[in-house]
Amino acid sequence: MYSVWDAQLPSLVDAYLHWKHHSATAPEGSQEQVEHTFHVTHVAVFDLDPRFTVFQWGNELANVSLIRNGLLRCMPMSPELAFTFQALELYHQLQWHQSSFGIQAYTKVLCVLHGVTYQPHFRNQFSMTFDVYLTILHAIQSHIDQALGHGNPDWCIQHYCPACMLKQPGEPLLIPSSLKAMDGNNSAKQMDRADHADHHIFPSAYMISRADIDTFKDDVHMQLGQCGNAEHHDRGGCADTWQAASAVDEDTVKVFEQTGIFLSACRHGIILMCAEMLHSGELYMCECNIKFIVTDCVFIAPSIP
């Protein structure tokens with residue numbers, strides 16, 4: 001199914017941009033181009049049409065025909081149900097401003113507004129459609145980044161904060177040049193082999209991939225409070241009482257595939273990097289983040305003319 005969506009993606013992106021930035025009225029002579037009609041269940045925020053007619057032009061994908069009408073469906077073939085872009089964008093903005101508002105709650109709200117009984121498969125249909133919508137938006141953003149010269153994978157971390165990165169001519173050198181902080185939490189746990197896992201990787205300029213994280217798994221050999229120097233003595237007892245970066249208990253690591261999220265940010269609250277803590281807690285997240293921020297992305301800060 002994913003390969004079918006990937007093959008159709010360029011056409012879907014073009015159709016979406018044309019729908020978004022042009023008049024919704026059909027162009028002249030379009031009725032003569034119609035070769036096929038089909039019906040879908042049209043789901044909007046406040047409206048529900050169980051038999052919405054879609055006109056398909058010759059040599060046109062059914063999904064492109066739907067997008068011309070401001071609709072998107074959950075399956076690449078045999079459309080039966082389609083959501084409006086307004087309904088998808090509404091949930092997109094809800095996620096931006098209140099990430100805890102889940103898809104199940106949103107589909108239940110739609111069912112109440114439409115006067116229908118909620119069924120579990122409604123949630124799955126909207127979730128799959130929303131994934132396709134995000135894929136289209138991401139493809140458009142990728143085109144914009146390439147046009148602006150932001151295609152370098154390290155561009156975001158090299159230009160993450162104007163206050164930290166941009167320098168005025170003659171500005172004195174600060175030591176350190178910027179302040180950054182990193183920390184993790186154990187709130188976003190995920191059980192190992194729980195439910196069905198989607199192995200597709202969402203491309204992100206902020207997330208450090210699991211493959212890159214695993215390269216650091218053997219770099220930390222000592223437990224908290226131990227030091228390679230035998231002459232070191234902890235007279236203050238800090239090693240016994242400091243728990244901020246303690247490793248997760250071994251039994252916990254065995255139960256959870258993901259034990260939390262670790263991120264780094266500058267003093268202005270702008271995110272630099274984010275990583276999933278996998279079977280480790282915060283054991284080697286600090287080293288992983290530091291190497292990615294400092295070693296792999298070293299550059300000279302641009303100056304303001």
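Refer to the structure presented above.
None of the values given here were measured: they were computed from a predicted structure.

A.B. asks: Please explain the overall build of the chain as it appears in this structure.
C.D. replies: Regarding its fold elements, the chain presents twelve helices and eight strands. Within the span of the chain, comprising 305 residues, buried residues form 31% of the whole. If you sum the accessible surface of the chain, you get close to 19500 Å²; carbon and sulfur atoms cover 56% of it.

A.B. asks: Help me understand helix α6 (residues 120-147) in this model?
C.D. replies: Three- or four-residue spacings in an α-helix give side chains the same orientation, since the helix completes a turn every 3.6 residues. Relative to the 40 Å expected for 28 residues at 1.5 Å per residue, α6 spans 42 Å between its end C-alpha atoms, a close match to the ideal helical length. Residues F126, S127, T129, F130, V132, Y133, I136, A139 and I140 constitute the buried set of α6. In the core, the buried residues of α6 are packed alongside α1 (2-21), β3 (71-73), β4 (81-84), α4 (85-97) and α5 (103-114). Of the residues flanking the end of α6, it is G149, one or two places downstream, whose phi is positive at about 80 degrees.

A.B. asks: How should I be thinking about the pattern of salt bridges in this particular structure?
C.D. replies: In total, this model carries one salt bridge according to the counting rule given. One salt bridge in this structure joins E60 and R68, with 2.9 Å as the shortest N-O distance. Assessed through its relative accessible area of 13%, E60 is described here as buried. For R68, a relative accessible area of 25% gives the class partly exposed.

Parameters and conventions
Residues numbered from 1 in each chain as written. Predicted model: local features only at pLDDT ≥ 70, side-chain atom pairs only at ≥ 80, totals over all residues. Heavy atoms only, no water. Helix = DSSP H or I, 4+ residues; strand = E, 2+ residues; numbered from the N terminus. Buried < 20%, exposed > 50% of the residue type's maximum accessible area, 1.4 Å probe, protein only. Areas by Shrake-Rupley, 256 points an atom, 1.4 Å probe, with all protein chains shown as cover. Expected span 1.5 Å × (residues − 1). Contact = heavy atoms within 4.5 Å. Salt bridge = Lys/Arg side-chain N within 4 Å of Asp/Glu carboxyl O.

So far we have only geometry, and geometry alone does not tell us how the molecule works.
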